[in-house]
Amino acid sequence: MTNPFPADLSDSHCHLQMGPDAPSLLARARAAGVRRFLVPGTTLEDSAAAVALAQQHPDVWAAVGVHPHEAKAFDWKRDGAAFEELSCRPRVAAIGEIGLDFHYDHSPRQVQLEVLEWMLDLAARRRLPALLHNRESGEEMLAALGRLACRDRPGVFHSFTESADYGRRAIGLGYRVSFSGMITFRAAENIRAAAASLPLEAMLIETDTPYLAPVPHRGRPGEPAFVVETARRLAQVQGVSLEAVAEATTGNFDRLFASTP
């Protein structure tokens, strides 16, 4: 298939297993120049579905984890053993989507922190990067990460919405930051300001399919083909070419995920 862009694009966070027709979404994305996909889990069942999907496609990788909204239902004995086994399967390239969400507080904050720390320990033991969800929990997140031993490829802040200063602190700990379709939203000047100030070599791009569809697709379910719009807006904000964004972000995708044995 001929790539319409001079460099491959990647979608570092797309919940393809949540939709009814992942093959069609993948086909449209490949036609748009997207060549790599990471599918994160949010529950045990959802993570297993992500792994099964990744094992069917050579350009798809999976992540396994418990979203902070679901932390309250985490069964330490049953689910812990299952995630230990699931994280060892082929095509599993990360632990996630894990993290903290103090905006909705669908799970008690202490439970969110306990499950996050267990998942971060699993990531460290498996030598896998972590996909971090972080909403209105910035200082608590950095404190949790700061308690960990330094290691290569620790992970990425998914759908980054914090300030440039926060981003520099995260990057200083070895993490990468990923920008979603939110960078195209009219009111998201704060996200564009952070994206303009942080180094391109520390970035990834994503869709968070089926959420956060970018302009001009607002109001529709998100899909990986739309990552092209995120890449274009990031290129504008950074003052670089689309090719430069594709090379930097897909290079980071490869180093974080595609290089996993």
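You'll find the structure just up there.
Since the model is a prediction, treat every value here as computed from it, not as a measurement.

*Asks:* How should the pattern of salt bridges be read in this particular structure?
*Replies:* All told, the structure shown has 14 salt bridges when counted by the stated rule. Two residues, Asp-105 and Arg-109, come together in a salt bridge whose shortest N-O distance is 3.0 Å. You can call Asp-105 partly exposed: its relative accessible area is 32%. The salt bridge partner of Glu-117 is Arg-147, with a shortest N-O separation of 2.7 Å. Within this pair, whereas Glu-117 is found in helix α4 (residues 109-126), its partner Arg-147 is found in the loop between α5 (138-146) and β6 (155-157), the two being separated by 30 residues in sequence. Among the residues examined, Glu-117 registers a relative accessible area of 37% and is labelled partly exposed. Take Arg-147: its relative accessible area is 56%, and that puts it in the exposed class. Among the charged side chains, a network of salt bridges with common partners joins Glu-84, Asp-121, Arg-125 and Arg-126.

*Asks:* Help me understand the nonpolar core in this model?
*Replies:* Of all hydrophobic cores here, the largest spans 78 residues; its most connected members are Phe-83, Met-119, Leu-132 and Phe-157. Those residues within four positions of Met-119 in sequence are excluded, and the remaining contacts are Gly-65, Val-66, Phe-74, Phe-83, Ile-95 and Ile-98. The next biggest cluster of nonpolar side chains, apart from the first, holds 11 residues, and it includes Leu-38, Leu-131, Leu-204 and Phe-257.

The rules we used
- Residues numbered from 1 in each chain as written.
- Predicted model: local features only at pLDDT ≥ 70, side-chain atom pairs only at ≥ 80, totals over all residues.
- Heavy atoms only, no water.
- Salt bridge = Lys/Arg side-chain N within 4 Å of Asp/Glu carboxyl O.
- Buried < 20%, exposed > 50% of the residue type's maximum accessible area, 1.4 Å probe, protein only.
- Helix = DSSP H or I, 4+ residues; strand = E, 2+ residues; numbered from the N terminus.
- Core = buried A, V, L, I, M, F, W, Y, C linked by side-chain atoms within 4.5 Å.
- Contact = heavy atoms within 4.5 Å.

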